[in-house]
Structure formats: C-alpha cells, structure tokens
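# Results of the structural survey
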Amino acid sequence: MHAFVYERPGTLADAVALLSRHGPDARLLAGGTDLIIRLRDGSLRPRAVIDVKRVAELEPGIGQDGRTLTIGATAVMTDIAADPRIRDHFAALAEAASVIGSVQIRNRATLAGNICNASPAADTAPALLVYDATVVAAGPSGARRIPIDAFFVRSGHTTLDPREVVTAIELPLPTSRAASVHLRRTRRRGHDLASVTLSCLVDEHGVTRLAYGSVGPRPVLAVDESGVLADARASDAARSAVLEGMLAAASPSPRSMRASPEYRLAMLRVLGMRAVATALTRLAEG
Amino acid sequence: MRADGVGAAAPRGGGHDRVTGRQAYVADIHLPDELHAKLVTLDCARARIRSVDVGPALAVPGVRLAITAADLPQPVPRFGPQFEDRPVLAAGETKYHGEPVAAVAAETRDAAEAAARLVRVEYEELPAVFTIDGALDPAAPLVQDAALRPGDPLAGTNVLREHRVAWGDVDAAPADVVVEHVYTFPMVTQFAIEPHAFIAAPDEDGIVVWSTIQHPYWLQRVLARLLGLPLSRVRVVAPDPGGAFGGKQHAKYEPLVAFMALRAGRPVRLVLSLEETFQAVRRASARVRVRTGMHADGTFAFQDVAADYLIGAYADIADRVVSKGSYPACGPYRIPAARVVGRSILSHTPPSTAFRGFGNPQVNWAVESNIDEAARALGIDALELRLRNLARPGEAFIPFDTPADGRWEETVRAAARAIGWGDPVPPGRGRGLAIGIKSGPTTGLSYATVRLLADGSVVVHAGTSDMGQGARTIFAQIAAEELGAPLDWVTVVMGDTAVVPYDAQTSASRSSVLMGTAVLRACREIQGRLRAMAARIEGIDEASIVVERGTVRLPDRELPVLDVLRRGLGRLGGELIGNGEMRKEEEPGHPLGGSAAFWEFNCTAVEAEVDAETGDVTLVRHVTVSDVGRAINPLQVRAQDEGAAIMGLGHTLMEQYIFDDGGRIRNLGAIDYRIPTSMDLPLELHSEIVENADGPGPYGAKGMSEGALLCVAPAVAAAVRHASGAVIRDLPLSPERVWHALHSGERQP
Amino acid sequence: MNVNGMDEVNEEARGAQGAIPIRLAVNGRQRALAVLPHHTLLDVLRDDLGLTGAKECCLVGECGACTVLVDGRTVDACLVLAVEADGAEVLTVEGLAGHGRLSRLQEAFLEKGAAQCGFCIPGQLLSAQALLDANPHPTLPEVQEAMAGNLCRCAGYEQITEAILDVAAEGGR
Ligand code: FES
Ligand code: FES
C-alpha cells in the first residue's frame, strides 16, 4: 500500500475543513472495507485519508426523532441489521444490511460508506430508495439534505460535493401499513457481490415501490400507484405488464463477468414477482 | 483396540499448534537481516522484452537488489519436473500474464513494492493463444520454442505430447447403441489458503531454502543442479504447508529467490499474494470427446475418448497430469475395446500443474456423463448399467495394469443405498450417481528412520509433507502401535532435507501406503533388535521370541517393550534405530512407467433440487463412499473425504478462471473467483468408507484423499438433469448455465 | 511499444507521514507502538508484534484468515488500518488459550478433527468465539452464516460446525 497522511478529526467542522484543504486528493475512511482494498490495489492513491469514526457528531448510532429514524454515518451493517426498529419498519434495509459481505465485513462496513461508493451493486441502495430516505451531508456551507433518488449518479459518482461529508441517513417512519423485502442474486450462497439486487415495498393502499440495482449504472426506483401489481386478483398478464414497465430502466452491462445481461434481466423479473409476493404475504400477516 | 493406535480416531499430530496459532508456516518465519522480494510483471500475456531498466527501482531507499534475466548465468537457467523449459526469469519473452521479468529486494516490504512498480520495462505485446482452438490453429504462434524440442515431430505445433492407451479394436467393435458428446471442464485453481512463500539464505558454501513445497527432495535436486552445488550443500526446509492440493509439488520461484539470496549475500523472502499464486498454479482445463458403444444388454462394446487438456506456457508437471489422468478414463468397467488419446496443449496462460485428482476429474466428468447418456439411450437404470459392467475383484479392467483391488460393488451399493436409489423421488428433485477411479502412485521411493529412545518414546523421521492430509498422525499411530508407545510419546519430524531421509514426493495419495510402509519397516527393524536384545538378556534363542505391537513375547511370559529396552540399553542408555525403505520400481514398457500401487475408488451420489426460474441448484443430500482398504485414522479419513467432496462442488458449481482477450485472468483474486463457503454445502453430506483391508499399505490401507472429488460433477449433473431436464455438458453448473439450459438449451427428460 | 513503470510519484515527495503512536490492548496486554498510517492491523500484529497466528491470504476481506476480534467483534485485520484501532482491545488466536490451557472451542476443534492444514483455523476459532459470545445457542444455519466469512479450502466445514455446536450444547447443560 502506498504511503499517505492519516487524519483523525474530532469534530465535524475539522473534518469538513480537512476535506476542503486536501480537495480531491483526500478520501474519507469510515468502515474501510472498500477503501482499503482500493488503496492496496492502487486504484486509489489519495494523499490523505480522513478517518471520520472519531468525529464527535458522528457517533455511531441509530436514533429516532418523532417520525424519523436517523442512522448515523458511522453505524455499521451489523447494528443496522439487528436494530429492532429497522427490522420492524424497514425490513428490506435490515435484510440488505445482513447480506453484505461476511460478518467481519458487516462489523466494519457503514451504510454511509456503502452509498457513497455508489457501486451499482450496493445492496442498501434499493432499500433506501423504496423508503424514500434522505441523505444528510455537511459541507463548508453547512448542512444539506439530499433525497436518496437525487443522490446516485453512476458507478462511483454521487451528487455529493467533494468537500461534503455524509453525516446521517434519515428514514421517514411509515404512515400507513406497509411491508417490504430485499432480494438478490449471487453466484453462490455464501457472501458474494450481487448480480441483481431488488427491494420492494407494498402498502395497504396497493402502492408498490420497487427499486433495483446492479443492472445499470445506478439503482432505479419505480412506483406503481395503480395498485395492479399488488392486486392478487389481477390477471398475470396485467401484472407482468406493469412489472415490465417498472423494470424498463434496467440496462445491464455486457462487460460484467458476474452474469450476462440476458440472465440479469430475466432474474430481475423473477425477483420482482417474488418480492411482490413476499411483501404481500408479509403485509397480510401484519 | 487402543484408543490411539491404528484404526483409532487419534487426535491430529501438530493439532495443538494448529489451534493455538503456534504452527509456523513459511511466511511466519523471519530470518535476521532478511530482505523482502517483489516480482515485476507485465500487463499482458506474451511480450517481447526490449529493455529492462532497474535504475529507478534501485534509487528507492532501502532497495538492495534488482535482478533481471541478464544478471543470471547465461543462457538463463531453466527448470521443470518433466521438461526443463521454465526460465528462472523471463528471458527475452514473457509467455503468460504474471510471468516475472525482474525482481527487487529491499529492507522492507513497502520499499520492495514501491521499487517493483518503478522498474521500467519496454516491451512489445505479441500474438498469443489462450484457448484449445486458438492453440491448435495451424497459424497459431508457437508457445514453446521449437529449439527446446529437438527431434520432436510435434515441435512445430502447440501440442506438447500425445498419449495413447488402447486395447481391443474400437473401430471394428460392433455396437447396438453409440452415444457421442463433447464435454468441457473449466480452468480452476488450487486456492490453498496459504499463498506460496519462499525464503533463501546463503549458508557457508551452500544455501538453505524454506518453501511451501510438497516435495522438498525434488526441489533440492532442482536447486543443486541450477546452482551447481552438491546435494549436501542444498538444504530445503519445508514446514507443513497451509494446504497444497498438488499446487505446491514443484519448484516455482525458489530458484529465483536462491539466486537473489546468493547475489545479495543475505536471506531473501518472497511471499506471493493470492493473485500471484493464481497466476502460478492452476488445473488444466479440458475438452473431452467421448464415444460410447453399448450392446443392447447393457454391456460395453467400446469406449473411445479424446481428451484435449489446455496446459500453460511451461509444462511443469502438466504433461504427466495429462498422461496419467487420461489413462484410466474408461473407468473401472469391463470394456472389450478402448482407445484414449490425451493431448497436452500449450498456451500462453499460467502453467497448469498437479491438482487433487491429477487430470482424472476432467475425463471422469465426460465419461461418466456419457455413460448416463448411454444408459438413457438403452433404457437401463444408470446404477444397474454400472453394476453390470463393474470390474470384479482381481479383474484386469485395464489389461496391462493392476487388477481391481477392491470389492467395488460394495462401495457402489453403499452409495446407492445411502441416497435411496430406487426409492420414489420427491417432486422437483432428481438423483445422480457416478463412479470415480484414479491410479495411485506408479513409482515411488520413501525412506524412514525410527528411533526408540531410552524411555520408550519414539521419534519418526519421514520426508513426507503434512499439508493437512494428516501424515504426521498416521506415522505416529503406526509407530505407537508397533513399538508400544503412547501416541503423545511419538514425535514425527518432517520437512527438512538436513534432518530427514529421502522421500521422492508427497503426491498421488501415496504417503500412508509408501512412507507408511517405510515407517512400518523401520519399526519392524527395531522390533528385530528388541528380539536380539531380549535373547541376550534372557539367554534364550532369538527364534523363540516374538515382538509385536509393543509387547515382547517370550516362550513363558510377555514383557513390555520398555522393560526389555531399559535392561538391554543398560547404564549408558542410548536408543534403538530402525531404517525402513519402500520402493515401487519403474516397469519398463508400461504406458505410465509403472502400474498402479492401488486404485482410489469412490462412488458419489446426490439428490438435488432445481429452481427452474433461477437455475439455482440445491444439493439436498450428497453421499460419498470410498474404498480405503483400512482407515488407519477414521477421523482424518472422513475429513479428507468430505473436504474432497466439497472441493469437487467448487468446480462443479462455481469455480472457473475467466480470461479477457489479452489472456489476463479477469477474476484474479478472491473477490470474483468463488469457492464454496460454509453456506454452500449440501444440506446433508454423508460419507462412508468401505474397509476390507485389501490395500497394499500398512494393515491393508490404500491411499485416499482424492477419490471423493473425482466424480462429483457427473453425479450432480445427472441429478440436475433428472430433476429438471437440463442437459449440461460444460462446467461449472452455475445457476446461469442451468437457467440457460432450461430456457434456451436442450431440455430432455 | 508499451512501457511498464515510471508512472509513480515518489512516495517521499508526497509528504507521507512518519510513524504515529498508538495504544493497543492485545490479548490483555497493553502495547504502545508507533505505526505507519498505511500499515494494517494485520501488518502490525504479524510484523511488529510477532503474533503470526493471524494469517495473510486474500487481503481483500474475503477469506477471513486474518480474522481477529477488535473490541469484541470480528474484523478482517487486513482491512483495518492499525492507526484506526488506536485504543482498541484486540484478541488474536494467541490469546484464546488461558495459562496454557486450551479453550473449550480449541479442544472441540481438535476432537472433531476440524484443523487439517490449519491455516484457516485461527480465523475460524475467532469467528466461532465471537458467535458463541453473542449467541450461545446457535442453530446450524446460524453457525454456517456466522462462519461464511472464513474460507477453508481443506473444507473441514462439517467438522468446524460440529465443534461449534458441541461447545454450544455443553454450554446449555
Ligand atoms: S487476508 Fe484478510 S480476509 Fe483474506
Ligand atoms: S484447515 Fe486447511 S484451509 Fe482450513
């Protein structure tokens, strides 16, 4: 691994100042499960690595404030997957967090890091999309809230300014009865990068929110307000027509070695139908 | 039976150090004053090297040495177990992605890594071949310089050797049904969790080399020749490898590190990354055409097998893999006419080498799958067809080789019983069964020295490598049993050519049989001395004394060994030393140079479920039954069988190298080369052994450790086909491939 | 014509930092060290502290051979910078046996024949320890899930799982 300067700011202001000072030559370190691999293979060669884990304002934790659940930027997947509020209200996120890497990885990897890497295969991204999450960032000109759907651009790119730090991810608690699920495709049952990820949320009014990743440069959200997809009495043809429309934005890369575009697209449909069915079952079971 | 003697599930020799972290593998060893080496490689497979400038590397603080081919004796020394074709460093041309053109050594690993990146190499990428078809194209560039193959009629092609085994007249054999298909087997890698590591240190007028090597004595020979040193000045230390699976049999970068150490006058260590290890060792991929001729009654008319193996840029032991692996391709069946042609085909890819199964899994996959096709064509049950043709004990199923050395039907029936063959299959599931066979060692030489110390404790010296198969435990159990010592009073010393006597190799599941016999003979020699000792002390005739299993039996009473030993050694103490030797000589004229010391025989049966929408295969039950002759340690036998079975699931379901157009492995490293984890096991894994004490080893043991891997793929594929109708002739059976077969491919009942 | 090398900026010229002092409690013993920022916890344990029980294999967080416990949780030490661990409690395989007595898990691994070549075993033991600390009575799928980050190419998964379930069962008595 190449040599770099290690910074360990104690306050958010210091972290932002360091980012501004080093500019694009700096990299934030939270869980490090992606960053350290890339430092070692030389695909990233920052001058400075800024460790945000001891920033006072970024205490790891998951807090509830009224109707909002706030996941701190240094909260790790293990804690997210185990949090009872997340399991109750945001099952797709709990499930996504629980399938990322091995236990060792989940003990280190953060939700903020997962979305900031903007890997198209990031499991948590579709989950955050179906829940309409908000990314909270701090920068030189103060704090800013970014709707999750406006956060992802393409692989490795977000709308975050290079001088900004994600401080938290906010999830609005559901206002109506809803159920959700996260599904994925991998090459083996043990931990693996997904070739398709998909989260689905169905609410009591029949609205279905589907979000999927790993089949294009960024994760995609699609919403069915018509109620057809979630209507078990609707014909198969009608439902698959709706699903087709929702999945139309998928454009998997032909260059990937993990799965062919043909297979990914087919699996996206299979996962879509299965996810709706599971969500409906969960909704019915309360 | 003693709780720790032969046949007991005795605790593993070296086990304590393995669970406390004290076991010192090569990378854990540090020498004072050592330098850290790093290889310099190019970003392409085949290239003409125009120039190498190490100046910038030498300027990095802490760098002490940078070496290129020009710094080596000229012409650049070459080595290899079969052909001396591999240069110590690429000379003039690289032949595969990852082949080193230079190396640096520095005071720290950081400095070595930084310096390696600074070595400036000007090169020109050259046309290269990465596939069987590419290599066989008459216009293909030659991988191996024809000058290295004088007098070889194939020198103008990329076919290194063609191996033919035949009996009967295949072309004249009438058959009622002929089934012909082509099967492929992917390029996979050993992926021992311990990457290869080497340390070399100048030592007076010679050299000491630490290596993760399986064959320390073979390495000693290679180094002595390359360095122009007598064997006595080359010491190879081979600590227990952290898994090897064949990938650590032969020299890789030891010669380079030795030259560097001699040049630097200091110890030099090179610990490969996992990625570098992937570029250093792999299994040959293969394309196998099988034509099976059957009579209507379900007996064989003929087998006709053409197996092309894609080996790498240097032969390593790969051509032997091809000849020995393809040789028993037709399986343990009564076949009146057979023809097997195995070809080793060179390519600009990392050199393939030995890998558990040694060339057999490739042909086994094809032939066993084709036998299933034949059974289907005849309307005969796949188990029934196999049983009808299976060689009976003593039957020479390959006319010029060791006859069937086991009651194999027992093994097959046990597997069938355990999977519930013939019972109704639950909906959505299918069953498959296949048989694997592999020739044991064809030649061999092992020496052992056993020392019975004055207090009755024992030291065994044996040159075998214990890479996880548990040879230490086996030898200790044999010595404990024969000399009457408690198992924890037996120490087994291995892995140092300055300390242990010669052993040819640790491969082909040979060690329990060959070295085990040498150890047994050494113990028997000590027993002879004890007899003489007892005769002297008691003043009776030696012939009236029997020493057996730790007891000295006199005509009128029995004495413990220790009793005789104490009195016999007297006040000066001392020890009794026994030497044992086990040879398996070459047999001139035999196609493999020697007949099989034993056959490894396994039957695998699986029950699988297929998710037709996704192609996911769930192994509901996996049964593996091996004929082991006699399990000296059933605990270790089980672990080896189950480990081999799971490793077999790797190439069956998920493993393969994926290359880009330039011959680079795209899934280089652990992120995209997938092997089974604890979550990828069959829901039930059931292993059984058959013991008839009919092996040539101590107490009737045969070799094992590879058998349970041989026929996993055809058994799984048969179950998948039975469950879903998916016809798959290319491994691995990834979900995507199964899905393709179900949705666009051939789908048959 | 292609050229390898020379595309690197001289490390020194980049103003890289020298060693940074940190404190670690390793296997219960306080250690004060100076570490380079780009050295991982694995580097420091193996090279500076001579604790070679944690192994180096994939260096990408896939194999788990480098698994150690940091503040009671398993991590892949190859993916943790040593400086990050400043102030942490670290448990390595060398710390499992107390006063020369094997832990119950270590014993069970031996009894079941779980250690073959042994290279993955330190990591397996630490993952197993962390699992049982958090969940003393895991089910078989829970064990398999918890251990999936520790590859064993000898594939002693059945034996490892049996050892863990054995220890769990005893704990319940
Ligand atoms: S070496 Fe750290 S996970 Fe493989
Ligand atoms: S015991 Fe060999 S890798 Fe696990």
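Residues numbered from 1 in each chain as written. Chains lettered and ligands numbered in written order. Predicted model: local features only at pLDDT ≥ 70, side-chain atom pairs only at ≥ 80, totals over all residues. Heavy atoms only, no water.

### Brief notes about the pairing of strand β12 (residues 196–203) of chain A
Residue and element names in this part refer to chain A. Most of β12 is tucked away, with eight of its eight residues classed as buried. Here β12 shows a buried face lined by Val196, Leu198, Cys200 and Val202 and a second buried face lined by Thr197, Ser199, Leu201 and Asp203. Relative to β12, strand β11 (residues 178–185) runs antiparallel, the two sharing eight bridges. Paired with Val181 across the strands is Cys200, a residue of β12. Pairing geometry for β12 and strand β13 (residues 208–213), over six bridges, is antiparallel. Across the sheet, residue Cys200 finds its bridge partner in β13, namely Leu210. (Buried < 20%, exposed > 50% of the residue type's maximum accessible area, 1.4 Å probe, protein only. Helix = DSSP H or I, 4+ residues; strand = E, 2+ residues; numbered from the N terminus. Pairing = 2+ DSSP bridges.)

### Quick notes on the sheet that holds strand β19 (residues 444–453) of chain B
Residue and element names in this part refer to chain B. The four strands are arranged β21-β20-β19-β25 in an open sheet whose pairing can be described as mixed. Two strands lie at the open edges of the sheet, namely β21 (490–493) and β25 (575–584), each paired on one side alone. Shown here is a sheet whose adjacent strand axes are inclined to one another by a mean of 15°, direction ignored. Sheet strands in contact with helix α12 (residues 471–483) are β19, β20 (458–462) and β21, and its direction is about 135° off that of β21. Helix α13 (residues 514–538) rests against β19, β20 and β25 of the sheet, and its axis sits at about 140° to β25. (Axes fitted to C-alpha atoms, helices over the stretch in contact; angles between N-to-C directions. Contact = heavy atoms within 4.5 Å.)

### Details of the interface of chain B and chain A
Counting residues at the interface gives 24 residues for chain B, matched by 23 residues for chain A. Each partner contributes to the roughly 2100 Å² buried at the junction of chain B and chain A, and carbon and sulfur atoms together form 47% of this total. On the chain B side of the interface with chain A, the three residues burying the most area are Asp672, Arg674 and Glu736 of chain B, jointly 26% of the side's total. Scanning the region where chain B abuts chain A turns up six salt bridges. Tallying contributions element by element places helix α18 (residues 735–743) of chain B first for the side of chain B that touches chain A, with four residues. Partitioned by chemical class, the residues of the side of chain B that touches chain A number eight nonpolar, five polar and 11 charged. (Buried area = accessible area lost by both parts, 1.4 Å probe. Salt bridge = Lys/Arg side-chain N within 4 Å of Asp/Glu carboxyl O. Nonpolar A, V, L, I, M, F, W, Y, C, P; charged D, E, K, R; others polar.)

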